[in-house]
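Listed below are the residues making up each chain.
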Amino acid sequence: MVVSAAPEASRAGAEVLAAGGNAMDAAIAAALALAVVYPQAGNLAGGGFLVARTPDGAVYALDFRETAPARARRDMFLGPGGRPVPKASTGSALAVAVPGSVRGYAEAHRRLGKLPWEKVVAPAVLLARNGFRVPGGLARELRLERGVLTRWEETRRVFLPGGEPLAPGTLLRQPELARTLERIARDGPEAFHWGEVAARIAAFVRANGGVLSEEDLAGYAPAWRAPDEIRSGSFAVHTMPLPSSAGLVLRSVLAQLEIVRGIEPTPLDAEGYHHLLEAERRAYADRNRWLGDSDCVAVPLAALLAPSRLAALGASINPARATPSVAVDGATAREREETTHLSAATPDGFAVSLTTTLNGSFGNGALVPGVGVLLNNEMDDFAVAPGVPNLYGLVEGSSNEVRAGGRPLSSMAPTIVERDGRPILVVGSPGGSTIPTTVLQVLLRTLAGTDLAGAVAAPRLHHQHTPDVVFFERGGAPAPLLEALRGRGHVLRERDPIGKVHAIAFDADGRLTGAADPRGWGAPAAP
Ligand code: DON
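I will try to describe carefully the structure that is included in this document. Note that the structure is predicted; figures quoted are calculated from it, not measured.

Quick look at the packing of helix α13 (residues 246-261) against helix α17 (residues 435-447)
Closest axis-to-axis distance for the α13/α17 pair is 10 Å, and the angle between their directions is 45°. In terms of orientation, α13 lies oblique with respect to α17. Pair α13 / α17 crosses with right-handed handedness. For the pair α13 and α17, the contacting residues are Ala246, Val249, Leu250, Val253, Leu254 and Leu257 in the first and Pro436, Val439, Leu440, Leu443 and Leu444 in the second. Residues that form the contact of α13 with α17 fall into these classes: 11 nonpolar, no polar and no charged.

Shown next as structure tokens:
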């Protein structure tokens, strides 16, 4: 089974399973198809993470996160007076970090896939060449992003012909992207990272004032990491370590909840939510201040995660009152955000949890002429200036400053949960800083016995320390819950939907149940 943000991509994965592929083949086929049918986040020129569990119980984590180009500099987004230049890290050619997805997908397939590579890429090629009908959701996304997208000529030509965003139902063919995918199918990932495609991408970025070079593209390498394993009672939660903050946030929150509530899963009633939000506040304070790319900077993880310290954090939660975050409100005007998560699994216990992104919706908005790929704006995930909030309102420290070759801190949290050594849940989400807290809510609800569809659909809340508010989805959480939180001193702030979860649950006999988030238009598919 595959559950992804677009029915065509889930079907691409299911076709590959029907042809004898395993869960990794299916996940990669779906991810490549998302680059065609879900262009706001599916990508070739972005990056991401995956966590995989093979039927023998081994767990892997692959980091194909983008890196800062060699010519990136700490102050590259600052103008006169050291003030950040508006949109430089989100909407310009400087925003583009070195893409990691193509080599990432190929490396995951090389190590854990089974079918020949061309067969895994083939469904994406067909979708790009023959086209697909633009769904209402994508048409809406194009309208919302119109301002960003119309600045780039090639993006206008493909996605806003005649100046108007593609209407729902339009057949969208992407012949340039099809050619790029065909080359990748035939010659492997080097067809993207070297030669004509890489040269065109680098030339386009250079012509628009960016610093990404052909050498950067040629030099990119994905990295296998030791997955973070968090044990609690009979459960094991496997998730992404640095450069994602997922591991620290999940471990810190779950440990604090255990101090407050014991080993039983936290029910998400008013009291449970108060504990969860307070634990999130404390975990994000550490995240935002201390985390960065541990390949480049010393991150005091052992100290941050020492059991005695987590116990002290948990003990500092006042059950009756919200603790004010030290820093003041640093929220910024919200921009549209898009990432995408897919889950793939087979009944033998092979599971793949994969999150990938261009960062903002459609990345920096630029489609590379002749190549057909949209470029990421992942440089904004670095702290562009101390104390200045990023796209997600996160205020981070120098541990996450721009470093040439370094990876920007992420929140993406592809996760696999086991109970007594057997997989029970594959889960992940988009949503920038809200990703780990979204995963936590689905996890806690599932552990407390809610069915998967209910756990995915349920309204979500979020706290990230700064700004010092509890975010809730417009029209989401029940009024009595919000009242009870207000009564404990939380400041509540309404916002757009939080996350888009695509999850798979295994029941005791290995049967699979998929759930696509009703916040999007994804769907499960199975052969
Ligand atoms: O890596 C990160 O944390 C962000 N670039 C993810 C962006 C994201 O989730 C946008 N989604 N809605």
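What follows picks up the thread again.
Considering empty space enclosed by the protein
Tallied over the entire structure, the rule returns 5 cavities of 30 Å³ or more. One number sums up the size of the largest cavity: a volume of about 190 Å³. Contributing to the lining of the largest cavity are 14 residues, with Ser232, Leu254, Ile263, Leu444 and Leu447 lying nearest its centre. Broken down by secondary-structure element, the contributors of at least two residues to the lining of the largest cavity are β8 (235-239), α13 and α17.

Looking at the packing of aromatic side chains
On inspection of all chains with the given rule, the structure shows 5 aromatic pairs. For the ring pair Tyr60 and Trp224, a centre distance of 6.0 Å and an interplane angle of 70° mean the geometry is edge-to-face. Pair noted here: Tyr60 is in strand β3 (residues 59-64) and Trp224 is in strand β6 (residues 223-225), with a separation of 164 residues, a long-range link. Here Trp224 falls in the partly exposed class, since its relative accessible area comes to 26%. The ring of Trp224 is capped by Arg111, whose NZ or CZ atom sits 4.6 Å from the centre of that ring.

Focus on the nonpolar core
If you look at the biggest cluster of nonpolar residues, it comprises 87 residues, and the most contacted ones within it are Ile28, Leu44, Leu181, Phe192 and Ile201. Looking at this core element by element, the count peaks at 14 residues for helix α2 (residues 23-37). Once residues within four sequence positions are removed from consideration, Leu181 is found in contact with Leu32, Val36, Leu44, Val121, Ala124, Val125 and Ala128. Of all hydrophobic cores here, the second largest spans 70 residues; its members include Leu443, Leu444, Ala455 and Val501.

Considerations on the pairing of strand β7 (residues 228-232)
Across the two faces of β7 the burial differs, with Asp228, Ile230 and Ser232 buried and Glu229 and Arg231 not buried at all. Bridge count between β7 and β8: 5 bridges; the pairing is antiparallel. Note that in β8 the partner of Ser232 across the bridge is Phe235. What sits between the antiparallel neighbours β7 and β8 is a turn of 2 residues, in which Gly233 has the positive phi angle 60°.

Here's the deal with the pairing of strand β10 (residues 351-360)
Where burial is concerned, most of β10 is hidden: 10 out of the 10 residues are buried. By the bridge criterion, 7 bridges tie strand β2 (residues 47-53) to β10 in an arrangement that is antiparallel. Bridged to Gly48 within β10 is Thr356.

Conventions used here
- Residues numbered from 1 in each chain as written.
- Predicted model: local features only at pLDDT ≥ 70, side-chain atom pairs only at ≥ 80, totals over all residues.
- Heavy atoms only, no water.
- Axes fitted to C-alpha atoms, helices over the stretch in contact; angles between N-to-C directions.
- Helix = DSSP H or I, 4+ residues; strand = E, 2+ residues; numbered from the N terminus.
- Parallel < 35°, antiparallel > 145°, perpendicular 65-115°, else oblique.
- Left-handed = near helix turned anticlockwise from the far one by under 90°.
- Contact = heavy atoms within 4.5 Å.
- Nonpolar A, V, L, I, M, F, W, Y, C, P; charged D, E, K, R; others polar.
- 1 Å grid on protein atoms, 1.4 Å probe; cavity = no way out; pocket = protein on both sides within 12 Å on 5 of 7 lines; lining within 4 Å.
- Points joined across faces, edges and corners; volume = space filled by probe spheres on them.
- Phe/Tyr/Trp six-rings, centres within 6.5 Å; stacked < 30°, edge-to-face > 60°.
- Buried < 20%, exposed > 50% of the residue type's maximum accessible area, 1.4 Å probe, protein only.
- Lys NZ or Arg CZ within 6 Å of the ring centre and 35° of its normal.
- Core = buried A, V, L, I, M, F, W, Y, C linked by side-chain atoms within 4.5 Å.
- Pairing = 2+ DSSP bridges.

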